[in-house]
Amino acid sequence: MIQSGKFDSLKMNIKKIANTALEFTINRLIEILGIFIILLGILLFISLISYSPEDPNFIFPENTEIKNILGFQGSFTSDLFFQSIGLISYLVPFTFFFTGINIFRTKDFFLFIENTFFIILYISFGSLYFSYFYKTDFILFINGSGGFIGNYLDKSFLNNLININEDIAYYILALLIIIFFLISINFNYKKVWNFLKQ
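On a predicted model such as this, the values are computed, not experimentally measured, just so you know. By convention here, each chain's residues receive numbers from 1 onward along its written sequence. For a predicted model such as this one, the threshold for reporting local features is a pLDDT of at least 70, and the threshold for listing and counting side-chain atom pairs is 80 or more; totals across whole chains, interfaces and linings nevertheless cover every residue. Hydrogens are left out, water is left out, and the side-chain values use all remaining heavy atoms of the structure.

Along its length, the protein chain carries eight helices and zero strands. Going from N to C terminus, the protein chain has its helices and strands arranged as α-α-α-α-α-α-α-α. Looking at the protein chain as a whole, 36% of its 198 residues are labelled buried. Two residues qualify as a contact provided that any one of their heavy atoms is within 4.5 Å of a heavy atom in the partner residue. When contacts within the protein chain are restricted to residue pairs at least 6 apart in sequence, long-range pairs at least 24 apart make up 67% of them. Summing over all exposed atoms, the protein chain offers an accessible surface of approximately 12,900 Å²; the carbon and sulfur share of this is 71%. The numbering of helices and of strands both runs from the N terminus, where a helix is a DSSP run of H or I of at least 4 residues and a strand a run of E of at least 2. Working definition: with a 1.4 Å probe on protein chains only, accessible area under 20% of the residue-type maximum means buried, over 50% means exposed, and in between means partly exposed. Exposure was quantified through the Shrake-Rupley algorithm and a 1.4 Å probe, taking into account, for residues, occlusion by the shown protein chains and nothing else.

In terms of nonpolar packing, the biggest core is built from 29 residues, with Ile88, Val92, Tyr122 and Ile123 touching the most fellow members. At the level of elements, α1 (2-49), α2 (71-85), α3 (92-106), α4 (110-133) and α7 (166-184) are the ones that each hand at least two residues to this core. Counting residues per element, this core draws most heavily on α4, at nine residues. Contact partners of tyrosine 122, with chain neighbours within four places excluded, come to Ile88, Leu91, Val92, Thr95, Ile177, Phe180, Phe181 and Ser184. Take the buried Ala, Val, Leu, Ile, Met, Phe, Trp, Tyr and Cys residues and link them wherever side-chain atoms come within 4.5 Å; each set so joined is a nonpolar core.

On to the pattern of salt bridges, then. Should a side-chain nitrogen of Lys or Arg be within 4 Å of a carboxyl oxygen of Asp or Glu, the pair is scored as a salt bridge. In the structure shown here, the tally under the stated rule is two salt bridges. Here arginine 28 and glutamate 31 are joined by a salt bridge, their closest N and O atoms 2.9 Å apart. Taken together, the residues span about one helical turn, with arginine 28 and glutamate 31 both in helix α1 at a distance of three residues. Take glutamate 31: its relative accessible area is 14%, and that puts it in the buried class.

This brings us to the packing of aromatic side chains. When the centres of two rings from Phe, Tyr and Trp lie within 6.5 Å, Trp using its six-membered ring, the rings pair. Their planes under 30 degrees apart give stacked, over 60 give edge-to-face, and anything left gives tilted. For the structure shown, the criterion picks out 18 aromatic pairs. Where phenylalanine 97 meets phenylalanine 98, the ring centres are 5.5 Å apart and the plane angle is 80°; that geometry is what we call edge-to-face. Phenylalanine 97 sits in the partly exposed class, given a relative accessible area of 29%. On the accessibility criterion, phenylalanine 98 (32% relative accessible area) is partly exposed. Geometrically, the ring pair formed by phenylalanine 109 and phenylalanine 110 is edge-to-face, given 5.7 Å between the ring centres and 65° between the ring planes. Taken together through their ring pairs, the aromatic side chains of Tyr129, Phe130, Tyr132, Phe133, Tyr134, Tyr170 and Tyr171 make up a single cluster. Residue placement shows lysine 107 over the ring face of phenylalanine 104; its charged tip is 5.4 Å from the ring centre. Charge over a ring is defined by NZ of Lys or CZ of Arg lying within 6 Å of the ring centre and within 35 degrees of the ring normal.

Before going further, it helps to spend a moment on α7. Multiplying 1.5 Å by the helix residue count minus one yields the expected span of that helix. Across its 19 residues, α7 extends 27 Å between first and last C-alpha, which sits within 8% of the 27 Å expected from 1.5 Å per residue. When we look at burial in α7, the residues that qualify are Ala169, Leu173, Ala174, Ile177, Phe180, Phe181 and Ser184. Down the axis, α7 shows its buried residues gathered within 140° of arc, on one side only. For α7, the exposed residues lying more than 90 degrees away from the buried face are Asp167, Tyr171 and Leu175. Any pair of N or O atoms that falls within 3.5 Å is considered a polar contact. Within protein, one atom must be able to donate a hydrogen and the other to accept it, and sequence-neighbouring residues count only if both atoms are side-chain atoms. With a side-chain oxygen lying 3.2 Å from the backbone nitrogen of aspartate 167, the N-terminal cap of α7 falls on asparagine 165. Asparagine 186 occupies a position one or two residues after α7 and carries a positive phi of about 55°. Our arc is simply the arc of the directions from the helix axis toward the C-beta atoms.

Right, let's talk about the side chain of threonine 95 for a bit. The topology assignment puts threonine 95 in helix α3. Once residues within four sequence positions are removed from consideration, threonine 95 is found in contact with Asn115, Ile119, Tyr122, Phe181, Ser184 and Ile185.

On to the packing of α4 against helix α6 (residues 157-164), then. In this analysis an axis means a line fitted to C-alpha atoms, helices contributing only their contacting stretch, and an angle means the value between N-to-C directions, from 0 to 180 degrees. Two numbers describe how α4 lies on α6: the axes approach to 12 Å, and their chain directions differ by 65°. Once α4 is placed against α6, the crossing between them reads as right-handed. Contacts between α4 and α6 involve Leu128, Tyr132 and Phe133 from the former and Leu158, Asn159, Ile162 and Asn163 from the latter. Classifying every residue of the contact of α4 with α6 by side-chain character gives five nonpolar, two polar and no charged. By convention the crossing between two helices is left-handed if the near helix lies anticlockwise of the far one by an angle smaller than a right angle, and right-handed if it lies clockwise. Each residue is assigned to one class: nonpolar for Ala, Val, Leu, Ile, Met, Phe, Trp, Tyr, Cys and Pro, charged for Asp, Glu, Lys and Arg, and polar for all the others, Gly among them.

See below:
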């Protein structure tokens, strides 16, 4: 009986140690993922701000001089973002950066999936917004300020909805972009308000 009790106690201790070790490993992997997403956001931001239309990309030849700070990979990445979704691309690295910080802090991997959903929402509204209201841009002369996704959405039924009242649509789209962006970075107005009150 006594030996059985010792065996059960040892078994419980091993189970507890295994659970603790597993939880520790999972938390460290989630933290590594958070750091990776932070770095991804920083690298994406660097490639976007150092974008040059003359850099090699999908359209221009590869034998030109690369002005992008991240080199060939940076020029292709920034071109892909700008040509597909346009100027709204500048918000995506901020979402990745803050998502990575929140994942590292809270150990919640599902924040990445949740925030990716909101990225898709504000990209859609942002591409349409820039494509409709700011069609031409001197830097993004191929697909315009909204990219080819914005051009596609601008040719859909959404164009007719905007045409009903352009002034209201302008502010509604801008508000939706801001709301979904703030949700995607897990903005907490209560914490900000409490911080400002102090």
